[in-house]
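Descriptive analysis of the structure
So the chains spell out like this:
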Amino acid sequence: MNELIEFISNNLDLLYILILAIFIGVELIKNVPTVLHTPLMSGANALSGVVIVGAIIVMLQSDPTNYIALALGFVAVVLGMINVVGGFAVTDRMLQMFKKKK
């Protein structure tokens, strides 16, 4: 617990940037028109792929006793995979709308 408090106190500026990025991201996503949702989802798939690769690299480079880095890396991989799978499902569903009916 002391490691977590020390990490937060040492990286307070990064925490502020993260909170600001979350608020800006929520506001941007709320204002996206429906027409642009699917193309942006495809772009999000590419970004999530980068997040997954980055999280795996961080987990490989971290010390095996650094449980915070391993846990955050694991959470990043899981959330990135959920986003990729969901994005592909939405894109596939959109493409099904344009196929000719038999």
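Residues numbered from 1 in each chain as written. Predicted model: local features only at pLDDT ≥ 70, side-chain atom pairs only at ≥ 80, totals over all residues. Heavy atoms only, no water.

1. Regarding the overall build of the protein chain
Put simply, the rule is: In this text, helices come from DSSP runs of H or I with a minimum length of four residues, and strands from runs of E with a minimum of two, each type numbered from the N-terminal end. As defined in this context, the radius of gyration uses C-alpha atoms, and a globule is described by 2.2 Å times the residue total to the power 0.38. For every residue, the accessible area obtained with a 1.4 Å probe (protein chains only) is divided by the maximum for its type, and the residue is called buried under 20%, exposed over 50%, and partly exposed between those limits. The contact rule is simple, with two residues in contact once any of their heavy atoms fall within 4.5 Å.
Each helix and strand in the protein chain was counted, giving 4 helices and 0 strands. Over its C-alpha atoms the protein chain spans a radius of gyration of 18 Å, topping by over 25% the 13 Å that the globule rule assigns to 102 residues. Of all 102 residues assigned to the protein chain, the portion counted as buried reaches 14%. Sequence separation of at least 24 residues holds for 62% of the intrachain contacts in the protein chain that already meet a minimum separation of 6.

2. Focus on the environment of Asp63
Cut-off, in case you're wondering: Polar contacts here mean pairs of N or O atoms no more than 3.5 Å apart (in protein, one a potential hydrogen donor and the other a potential acceptor; neighbouring residues in sequence count only if both atoms are side-chain atoms).
Mapped onto the elements of the fold, Asp63 is located in the loop between helix H3 (37-61) and helix H4 (67-97). By relative accessible area, which is 45% here, Asp63 ends up partly exposed. Linking Asp63 and Asn11, residues 52 residues apart in sequence, is a C-alpha distance of 19 Å. Of the polar contacts made by the side chain of Asp63, one reaches the side chain of Thr65; its length is 2.5 Å.

3. Structural notes on the pattern of salt bridges
Put simply, the rule reads: Any carboxyl oxygen of Asp or Glu within 4 Å of a side-chain nitrogen of Lys or Arg constitutes a salt bridge here.
One pass over the full model with this rule turns up 1 salt bridge. Between Glu27 and Lys30 there is a salt bridge whose closest N-O contact spans 3.3 Å. Of the two residues, Glu27 and Lys30 both sit in helix H2 (residues 12-30), 3 residues apart, roughly one turn of that helix. By relative accessible area, which is 42% here, Glu27 ends up partly exposed. The class for Lys30 is exposed, based on a relative accessible area of 58%.

4. What to know about H4
Heads up, the rule is: Between the first and last residue of a helix there are one fewer steps than residues, each counted as 1.5 Å, and that sum is the expected span.
Helix length check: H4, at 31 residues, gives a terminal C-alpha distance of 45 Å against a target of 45 Å (1.5 Å per residue), a fit within 8%. Listed in full, the buried residues belonging to H4 are Ala69, Gly73, Val77, Gly80, Val84, Gly87 and Thr91.

Fair warning: the whole summary comes from geometry, so function is off the table for now.
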